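Tertiary structure, described
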Amino acid sequence: MTDKNKNIFYALMFLAMAGWGASWVSAKVLSAYINEYELVFFRNVFTIITLLPVLLYSKKSFHINLKSFILVVVASIVMIAYMKCYFLGTKFGTASLGGALVTTMIPINTFLIMALFFGRRIGKKDIFALVLGGLGVLTMLNIWSFSHEQIFSQKNIYFVLASILWPILTIVSSKATKISPMVFTFYMYVISTILVMIFFVDLPNIDYKAFDWIFWLNILSISIISTTFATTIYFVGIEKLGTNEVSSFIFLVPLFAIVLSVIFLDEKISLSIIIGTTLTLLAVKILNNIKFKRK
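When helices and strands are tallied, the protein shows 12 helices and zero strands. The order of α-helices and β-strands along the protein, N terminus first, is α-α-α-α-α-α-α-α-α-α-α-α. Over its C-alpha atoms, taken along the principal directions, the protein stretches across nearly 50 × 45 × 40 Å. With 295 residues in all, the protein has 51% of them scored as buried. In the protein, the proportion of contacts linking residues at least 24 apart, taken out of those at least 6 apart, comes to 89%. Between the centroid of the 24 positive side chains of the protein and the centroid of its 12 negative side chains there is a distance of 15 Å.

This is the structure:
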């Protein structure tokens, strides 16, 4: 890849991370219109419609073996549970806290799960990073207020659960080695949509008349920009630039979530969120050996 093409792709990665950050703002807005299962349905429908042409254009094989299909079903169930926690945490809490807390906890929890259940080695550097990340998380949860109601509030519990469910989803997805990650994701959206339609969503009784332009703007944003576009750019980035270089862009997600929450939701950002986010981002950098290159 030439320097010019790299610069273009860096710009696309920047926009993709902005899309992921914006998804927290959209979820907060949409919580006034629909419940968590309806969000999964509408988001997935538009994602499927827009992701399919991308897969066809890139000539991805849609073949799936039995093992991968079983993993898709498991991943779909975990994804629904994640979306429930993600949505309800944002509904009862703030988009800025969710975007900062969940995004920074995911890589830390992924490391812990891999160490506890899959034998990943923990060095002295990792222990330091985990302690630092733990302090950051506790700061974001405002534990230093020593208020039981604040620490164990509904929103905090949902956010913590979401940060555990996403690493599980990632690990389950990684076990499907004989299928493209994008195709796996496509099937996951299809299966999860079918599951919520059967068990959780009553389509005829949804109040469609209440859906104004604000609703459609945010549902299309969370589907097309935050999911189809951002996910496609992320996967292509891994192929073109490598996992380590692409991982460095993840640091932009909590920043965008916080900034966009202030701009569009008029949320007030506490010092504890700023300090906690900084500590956990530093911990993630150390854990994953992420290096930033200067041009």
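Formed by 79 residues in total, the largest nonpolar core has its most connected members in Leu-39 and Tyr-86. Sort the elements by how many residues they give to this core and helix α3 (residues 66–92) lands first, with 12 residues. With near-sequence residues (within four places) excluded, Leu-39 lies in contact with Leu-30, Ile-34, Met-83, Tyr-86, Phe-87, Ile-219 and Ile-222. Core analysis: the next-biggest nonpolar cluster, separate from the first, contains 11 residues, Phe-111, Leu-281, Val-284 and Leu-287 among them.

For the structure on display, the rule yields 25 aromatic pairs. A ring pair is formed by Phe-14 and Phe-256, whose centres lie 5.1 Å apart and whose planes are at 80 degrees; its orientation type is edge-to-face. Placement of Phe-14 in helix α1 (residues 3–30) and of Phe-256 in helix α11 (residues 252–265) is noted, with a sequence separation of 242 residues between them. Classification of Phe-14 as partly exposed rests on a relative accessible area of 40%. For Phe-256, a relative accessible area of 15% puts it in the buried group. Both rings, one in Phe-62 and one in Phe-186, keep their centres 5.8 Å apart while their planes meet at 80 degrees; by these two values the pair is edge-to-face. Placement of Phe-62 in the loop between α2 (36–57) and α3 and of Phe-186 in helix α8 (residues 181–199) is noted, with a sequence separation of 124 residues between them. Look at Phe-62 and you get partly exposed, because its relative accessible area is 26%.

What follows deals with unusual backbone geometry. Here the phi dihedral of Lys-59 falls at roughly 60 degrees; this positive angle occurs in a residue that is not glycine. Positioned with a positive phi, Asp-266 is a non-glycine residue whose angle comes to about 60 degrees. When you line up the elements, Asp-266 lands in the loop between α11 and α12 (271–287).

Attention shifts here to the environment of Leu-282. With respect to the helices and strands, the residue Leu-282 is situated in helix α12. By relative accessible area, Leu-282 is classed as partly exposed at 40%. Taking the C-alpha atoms as reference points, Leu-282 and Gly-136, separated by 146 residues in sequence, lie 9.3 Å from one another.

Time to look at the pattern of salt bridges. Counting across every chain of the model gives three salt bridges. The partner of Lys-84 in a salt bridge is Glu-36, with the nearest N and O atoms 3.0 Å apart. Remark: Glu-36 occurs in helix α2 and Lys-84 occurs in helix α3; sequence separation between them is 48 residues. In this structure Glu-36 comes out as buried when scored by relative accessible area, which is 11%. With a shortest N-O distance of 4.0 Å, Lys-268 and Asp-266 are connected by a salt bridge. Here Lys-268 matches Asp-266 in class, with each residue exposed.

Cut-offs used in this document
Residues numbered from 1 in each chain as written. Predicted model: local features only at pLDDT ≥ 70, side-chain atom pairs only at ≥ 80, totals over all residues. Heavy atoms only, no water. Helix = DSSP H or I, 4+ residues; strand = E, 2+ residues; numbered from the N terminus. Buried < 20%, exposed > 50% of the residue type's maximum accessible area, 1.4 Å probe, protein only. Contact = heavy atoms within 4.5 Å. Lys, Arg positive; Asp, Glu negative; His and termini not counted. Charge placed at Lys NZ, Arg CZ, Asp CG, Glu CD. Core = buried A, V, L, I, M, F, W, Y, C linked by side-chain atoms within 4.5 Å. Phe/Tyr/Trp six-rings, centres within 6.5 Å; stacked < 30°, edge-to-face > 60°. Salt bridge = Lys/Arg side-chain N within 4 Å of Asp/Glu carboxyl O.

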